[in-house]
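The chain contents come next:
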Amino acid sequence: PMGTSKLEQMPRTLASFAFERIRDAIIIGELRPETKINQAALADQLGVSLVPIREALQKLEAEGLVQIKPRRGAFVSPISRKELEDLYAVRELLEGMATRHAVSSLTEQDLAKLRHLVSEMELETQRRNYVELLRLNREFHFTIYKASGRQFLCELIGDLWEKVTRYRAVYMHLPGRSSQALEE
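First things first, this report covers the structure right here in the doc. Along each chain, the written sequence defines residue order, and numbers are assigned to residues from 1. Only residues with pLDDT of 70 or above have their local features reported here, since the model is predicted, and side-chain atom pairs are shown and tallied only from 80 upward, although totals for entire chains, interfaces and linings are computed over all residues. Each side-chain value is worked out from all heavy atoms of the structure, with water and hydrogens disregarded.

All right, on to the layout of surface pockets then. The space that makes up the second largest pocket amounts to roughly 280 Å³. Buriedness of a pocket was judged along seven lines, with at least five required to meet protein on both sides within 12 Å; pockets are open sets of points on a 1 Å grid over the protein atoms alone, cavities are sets where a 1.4 Å probe fits but cannot get out, and lining residues have an atom within 4 Å of a point. Along the walls of the second largest pocket sit Arg23, Asp24, Ile27, Ile28, Val131, Leu134, Arg135, Arg138, Trp161, Glu162, Thr165 and Arg168, which together make up its complete lining. Where helices and strands are cited, they refer to DSSP runs of H or I of at least four residues and of E of at least two residues respectively, numbered from the N terminus. Residue assignment for the lining of the second largest pocket shows that the elements contributing at least two residues are helix 1 (6-27), helix 6 (130-146) and helix 7 (151-172). Grid points are joined across faces, edges and corners, and a volume is the space filled by probe spheres set on the points.

As structure tokens, this is what we get:
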């Protein structure tokens, strides 16, 4: 932001760094559901103070990945079948709507990008690189959704994808599931 010194920007940058690292650890299962998060150990591991860790945890709580319990600490949110079913039901409706609006607007360039992404996903499936596979899968779908021209709809879908990412990461590690997803 204009008018702010580097010193004022640093805590936000450190908090963003901590947020991304903790979020990734939750999504890939390094931090397991319902486990207490050792804030001091995380601060040491990431080379930051407790302040950016606490800011990151507050943001993760707002996204539903962490639960902060007064006088007890921060915990990784449990995985809930009901929440998963709820998220997918809403995604199904919104993504179907975005896809219907996108079909007539997809350009040859979009189609070429989609073909390239499928090739990349095949490669990452063989490598069992699930983090990259999830990123490519998201890019594939959002290439379609963005062609709908409906920005608000794409933002809603994006929010839902964020909430469901850790479920998808667990799911992708099931034997044969990444190959099945690629076929779909």
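What follows concerns the pairing of strand 3 (residues 73-76). Note: strand 1 (residues 36-37) against strand 3, two bridges, orientation antiparallel. Bridge assignment links Lys36 to a residue of strand 3, and that residue is Phe75. We treat two strands as partners when DSSP finds at least two bridges between them. Pairing analysis gives four bridges linking strand 2 (residues 66-69) to strand 3, with the strands arranged antiparallel. The residue of strand 3 that forms the bridge with Lys69 is Gly73. With antiparallel pairing between neighbouring strands as the criterion, strand 2 and strand 3 make up a hairpin whose turn holds three residues, including Arg71 at a positive phi of roughly 65 degrees.

Our next topic: empty space enclosed by the protein. For the coordinates displayed, the defined rule picks out two cavities of 30 Å³ or more. By volume, the largest cavity is sized at about 60 Å³. Every residue along the wall of the largest cavity is listed here: Glu63, Gly64, Leu65, Glu83, Leu87, Lys163, Arg166 and Tyr167. Taken together, the elements giving at least two residues each to the lining of the largest cavity come down to helix 4 (81-102) and helix 7.

As a further point, take the sheet that holds strand 1. Spatially, the three strands line up as an open sheet ordered 1-3-2, and their pairing is antiparallel. For this open sheet the edge positions go to strand 1 and strand 2, each flanked by a neighbour on one side alone. Its contacts with the sheet place helix 3 (residues 50-62) against strand 1, strand 2 and strand 3, and it is angled at close to 115 degrees to strand 2. Whether two residues are in contact is decided by their heavy atoms: any pair within 4.5 Å suffices. Axis angles are defined between N-to-C directions and span 0 to 180 degrees, where every axis is a line fitted to C-alpha atoms and, for a helix, only to the segment in contact.

As a further point, take the pattern of salt bridges. Whenever Lys or Arg places a side-chain nitrogen within 4 Å of a carboxyl oxygen from Asp or Glu, that contact is recorded as a salt bridge. Under the counting rule described, the total for this entry stands at nine salt bridges. One salt bridge connects Arg135 with Glu132, and the closest N-O pair in it is separated by 2.7 Å. Residue Arg135 and its partner Glu132 are located together in helix 6, separated by three residues, close to a single helical turn. Among the residues examined, Glu132 registers a relative accessible area of 23% and is labelled partly exposed. Of the charged contacts in the structure, one is a salt bridge between Arg135 and Glu139, with a shortest N-O distance of 3.0 Å. Taken together, the residues Arg135 and Glu139, both in helix 6 and four residues apart, mark about one turn of the helix. Note on classification: 1.4 Å probe, protein chains only; a residue is buried when its accessible area is under 20% of the maximum for its type, exposed when over 50%, partly exposed between these limits. A relative accessible area of 41% means that Arg135 is categorised as partly exposed.

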